Amino acid sequence: MDPYEGFREFVRGRQRSLMRTAYLLTGDAPQAEDLLQTVLMRAARHWRRLADGNPEAYVRRALVNEHTSWRRRRRAETPTAHPPDVGPGRDPGDQSLTRMALQRALMRLTPRQRAVLVLRYYEDRSVEETADLLGCSQGTVKSQTSHALGRLRALAPELAELLHDVDPEEVPR
């Protein structure tokens, strides 16, 4: 029997979604690829056991945990380029500038806060699902969400319009 039976199909079917999560956690495409590859290699070793449960939940939680471990080991901040000043003829509402500002602000959050926001708002997970994936209580998810949104508002006031109606208590879906 092939110990990887179903693993290749799982990766083919979920790779794009998992890569987006890894990218949102790291903010860097090559790092995201490394993170996902590391986690998928571990998942492949344990595939027989994982295939009977919820392998996607395992891999997502492993992405968050591995990213947190990398950040703890690294401890140094990665310099990032600042977006150019908006000059004449440029639209101040340009989506690319907004994305850059959001990415810069997300990278300044703690790994746990960033993970909570990615799972709750980008992946549209409920408080319960996020707590399960992160291995913490629902109260922790709610408080981390509230702290992270407050910090985003302080770090990037230009994103206020995007964040004005975000309620950390509401459960998406």
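Please refer to the structure higher up on the page.
Bear in mind the structure is a predicted one, so any value in this text is a computation, not a measurement.

**Brief notes about the nonpolar core**
- Among the nonpolar cores identified, the biggest contains 28 residues, and F7, F10, L40, V59, L63 and L134 are the most heavily contacted of them.
- Of all the secondary-structure elements, those providing two or more residues to this core are α1 (7–26), α2 (29–45), α3 (47–51), α4 (55–74), α6 (111–122) and α7 (127–134).
- The element contributing the most residues to this core is α2, with seven residues.
- L106, M107, L117 and L159 belong to the second largest nonpolar core, which has eleven residues in total.

**Section: the environment of A115**
- Secondary-structure assignment places A115 in helix α6.
- A residue is classified by how much of its surface remains accessible, and A115, at 0% relative accessible area, is buried.
- Sequence spacing of A115 and V64 is 51 residues, and the spatial spacing of their C-alpha atoms is 6.5 Å.

**A short note on the packing of α6 against α7**
- Between α6 and α7, the shortest axis-to-axis distance is 10 Å and the interhelical angle comes to 135°. Comparing their axes, α7 and α6 come out oblique. Here α6 runs over α7; the crossing is right-handed. Counted together, R112, A115, V116, L119 and R120 of α6 and V127, T130, L133 and L134 of α7 form the full contact between these two elements.
- Residue composition of the contact of α6 with α7, by class: six nonpolar, one polar and two charged.

**Describing the packing of aromatic side chains**
- The tally for this structure, following the rule as stated, stands at two aromatic pairs.
- Both rings, one in F7 and one in W47, keep their centres 5.1 Å apart while their planes meet at 70°; by these two values the pair is edge-to-face. Of this pair, F7 sits in helix α1 while W47 sits in helix α3, and the two are 40 residues apart along the sequence.
- Among the residues examined, F7 registers a relative accessible area of 11% and is labelled buried.
- Residue classification places W47 among the buried residues on the basis of a relative accessible area of 4%.
- Arranged with centres 5.3 Å apart and planes meeting at 40°, the rings of F10 and W47 form a pair that is tilted. Placement of F10 in helix α1 and of W47 in helix α3 is noted, with a sequence separation of 37 residues between them. As far as burial versus exposure is concerned, F10 and W47 are alike and both buried.
- Grouping aromatic residues by their ring pairs yields a cluster made of F7, F10 and W47.
- Here the basic side chain of R120 rests over the ring of Y121, its NZ or CZ set 5.3 Å away from the ring centre.

**Examining the packing of α1 against α6**
- Packing of α1 against α6 brings their axes to within 9 Å, and their N-to-C directions diverge by 140°. By the criterion of interaxial angle, the relationship of α1 to α6 is oblique. Note on packing geometry: the crossing formed by α1 with α6 is right-handed. Contact residues: α1 offers R20, T21, L24 and L25, while α6 offers R114, A115, V118 and Y122.
- In terms of residue class, the contact of α1 with α6 is made up of five nonpolar, one polar and two charged.

Rules used throughout
Residues numbered from 1 in each chain as written. Predicted model: local features only at pLDDT ≥ 70, side-chain atom pairs only at ≥ 80, totals over all residues. Heavy atoms only, no water. Core = buried A, V, L, I, M, F, W, Y, C linked by side-chain atoms within 4.5 Å. Buried < 20%, exposed > 50% of the residue type's maximum accessible area, 1.4 Å probe, protein only. Helix = DSSP H or I, 4+ residues; strand = E, 2+ residues; numbered from the N terminus. Axes fitted to C-alpha atoms, helices over the stretch in contact; angles between N-to-C directions. Parallel < 35°, antiparallel > 145°, perpendicular 65-115°, else oblique. Left-handed = near helix turned anticlockwise from the far one by under 90°. Contact = heavy atoms within 4.5 Å. Nonpolar A, V, L, I, M, F, W, Y, C, P; charged D, E, K, R; others polar. Phe/Tyr/Trp six-rings, centres within 6.5 Å; stacked < 30°, edge-to-face > 60°. Lys NZ or Arg CZ within 6 Å of the ring centre and 35° of its normal.

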